[in-house]
Amino acid sequence: MPTLKEIAEQAGVSPALISAYLNGRPSARMQPKTRQRINAALRKTGYKPNPLARALRTGSSGIIGYLASSLQNEVSQREQVGFHEALATLGYRMMTRYTKNEYLLFMEGCQDLIHMGCDGLIINRVTYEEMLKYCLTLPVPVVGLGPEPDLAKYDFMITVDYRAGVEKALRHLVRTGRRHAVFLSHPLTDPEKEPRYSVYREYFPEGPCFFNSRKEILNTEWIADILKRHPETDAFFCINDDCAIAIWGALNELGFRVPEDYALIGFDDLPAAASLRLASIRKPQREMVESAVALLESKLKKQPAEVSRIFPAEFIPRRSCMKISVRNNNRKGLVKA
């Protein structure tokens, strides 16, 4: 293992600056060129950080554990990158464990990250009581993200108010003359606890709901069958943008137009949604990440936290749900048998 002096000589800086840089201290402010020289020196000398040795020396490993309930979709991936970048600016590295939103994997992931010496944990989705209670037993500071404003009563939770955005979206459908919206979703363990579904039920008490796999949602014949069984349908409210984009493609294949024949609303406001002019509901992901990191930092430093902990979702109206003065009266006849 190279010494600080050897690394400093290679980079042309002082050993004190190398130490501050490696430990993420505020005194490690420098020009980008200096940072590049230090990084080049670290690579050339073969330096490898030892988080356990750092923990023994400083009482901190400089690592934050991140428990991800999902890694397959673009929203989860962007959130993970956001946390990685936000933590890096504070001198922390991030170690990830994938839980698949399963309680056993969640518990194992927490213990694994703690045994690896993580200073604190960020949990990207806390959704049920058992997880909340377990978080309260952990020996390191924890910050969780959740989909219910009521969870903000726990001082370690950052939450999003889906209702605010969903209500605006559904009111918009009603104002533009839509009375028969279909709710489409991937399978849900408990639909009644899903805010997007529960708010939909308030506006469309008798509306048809389908909880199907992505493979089925992508199937044009499945959409045709829904329209055949529910010819009164005039809109689709989807659990996310991926679902909405798939529905849009199926409707096009069936000869229908959006929004002339069917209105369409997604959720997440992915970049593709803006490109397609798909109406969507935006979760303030960047602001929630920044607030979660600030809350965790305050807990690590044992200081009072002054951060926002409830963020309202925002409805983004676009062409896919705009009001159409003249509708296609023959659209039902286009449905394939």
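Cut-offs and rules
Residues numbered from 1 in each chain as written. Predicted model: local features only at pLDDT ≥ 70, side-chain atom pairs only at ≥ 80, totals over all residues. Heavy atoms only, no water. Helix = DSSP H or I, 4+ residues; strand = E, 2+ residues; numbered from the N terminus. Buried < 20%, exposed > 50% of the residue type's maximum accessible area, 1.4 Å probe, protein only. Contact = heavy atoms within 4.5 Å. pLDDT = per-residue confidence, 0-100. Salt bridge = Lys/Arg side-chain N within 4 Å of Asp/Glu carboxyl O. Axes fitted to C-alpha atoms, helices over the stretch in contact; angles between N-to-C directions. Parallel < 35°, antiparallel > 145°, perpendicular 65-115°, else oblique. Left-handed = near helix turned anticlockwise from the far one by under 90°. Nonpolar A, V, L, I, M, F, W, Y, C, P; charged D, E, K, R; others polar. Pairing = 2+ DSSP bridges. Right-handed = clockwise from strand over helix to strand, strands pointing away.

**Concerning the overall build of the protein**
- Scanning the protein from N- to C-terminus turns up 14 helices and 12 strands.
- The dimensions of the protein, computed from C-alpha atoms along their principal axes, are 80 × 40 × 35 Å.
- Every one of the 337 residues in the protein was classed for burial, and the buried ones make up 49%.
- Taking contacts inside the protein between residues at least 6 apart in sequence as the whole, the part at least 24 apart equals 69%.

**Looking at the confidence of the model for the protein**
- Scored by pLDDT, the protein has a mean of 87; 91% of the residues are at 70 or more.
- Between residues 332-337, whose pLDDT stays under 50, and residues either more than four places distant or in other chains, the model counts 13 contacts.

**Looking at the pattern of salt bridges**
- Per the counting criterion, the structure on display carries 15 salt bridges.
- Note that Arg196 is salt-bridged to Glu194, the shortest N-O span being 2.7 Å. We note that Arg196, like Glu194, is buried.
- Three or more residues joined by partner-sharing salt bridges are found here, namely Arg163, Glu167, Arg171 and Glu202.

**Describing unusual backbone geometry**
- In the segment running from Val258 into Pro259, the intervening peptide bond is cis, with an omega of 10°.
- As for its position among the elements, Pro259 is in the loop between helix H12 (241-253) and strand E9 (263-265).
- Of note, the phi angle at Asn101 is positive, near 60°, even though the residue is not glycine.
- Relative to the assigned elements, Asn101 resides in the loop between strand E2 (93-98) and helix H6 (103-115).
- The phi dihedral of Lys302 falls on the positive side, at around 55°, and the residue is not glycine.
- Summarising the element assignment, Lys302 is placed in the loop between helix H14 (285-300) and strand E11 (310-312).

**Quick notes on the packing of helix H5 (residues 74-89) against H14**
- Two elements in contact, H5 and H14, have axes separated by 10 Å at closest approach and are oriented at 40°. One finds that H5 runs oblique with respect to H14. The crossing of H5 and H14 is right-handed. Packed against H5, whose contacting residues are Val75, Arg78, Glu79, Gly82, Phe83, Ala86 and Leu87, the element H14 presents Gln285, Val289, Ala292 and Val293 at the interface.
- Each residue belonging to the contact of H5 with H14 can be placed in one class, and the counts come to seven nonpolar, two polar and two charged.

**Considering the pairing of strand E1 (residues 63-68)**
- With six of its six residues buried, E1 lies for the most part within the structure.
- By the alternation rule, side chains of E1 split into Ile63, Gly65 and Leu67 and Ile64, Tyr66 and Ala68, which are all buried.
- In this structure, E1 lies alongside E2, joined through six bridges in parallel fashion. When the bridges of E2 are listed, Ile64 appears paired with Met94.
- Between the parallel elements E1 and E2, the chain passes through H5 in a crossover that is right-handed.
- The sheet contact formed by E1 and strand E3 (residues 120-123) spans four bridges and is parallel. Counted as the bridge partner of Leu67 is Ile123 from E3.

**Considerations on the packing of helix H8 (residues 162-175) against helix H9 (residues 195-203)**
- Interaxial distance between H8 and H9 falls to 9 Å at its minimum, and their mutual angle equals 35°. The chirality of how H8 crosses H9 is right-handed. Where H8 approaches H9, its residues Tyr162, Arg163, Val166, Glu167, Leu170, Arg171 and Val174 are matched on the opposing element by Pro195, Arg196, Val199, Tyr200, Glu202 and Tyr203.

**What about the sheet that holds strand E5 (residues 157-161)?**
- Strand order in the open sheet made by the six strands is E2-E1-E3-E4-E5-E11, with parallel pairing throughout. Two strands bound the open sheet, and with one partner strand each, they are E2 and E11. Along the sheet, successive strands turn relative to each other by an average axial angle of 15°, direction set aside.
- Sheet topology places strand E4 (residues 142-146) next to E5; three bridges connect them, and they run parallel. Considered in E5, the bridge of Leu145 is made with Ile158.
- Across the sheet, H8 lies against E5 and E11, angled at about 10° from E5, the strand it touches most.
- Sheet contacts for H14: E1, E3, E4, E5 and E11; angle to E4, the most-contacted strand, approximately 155°.

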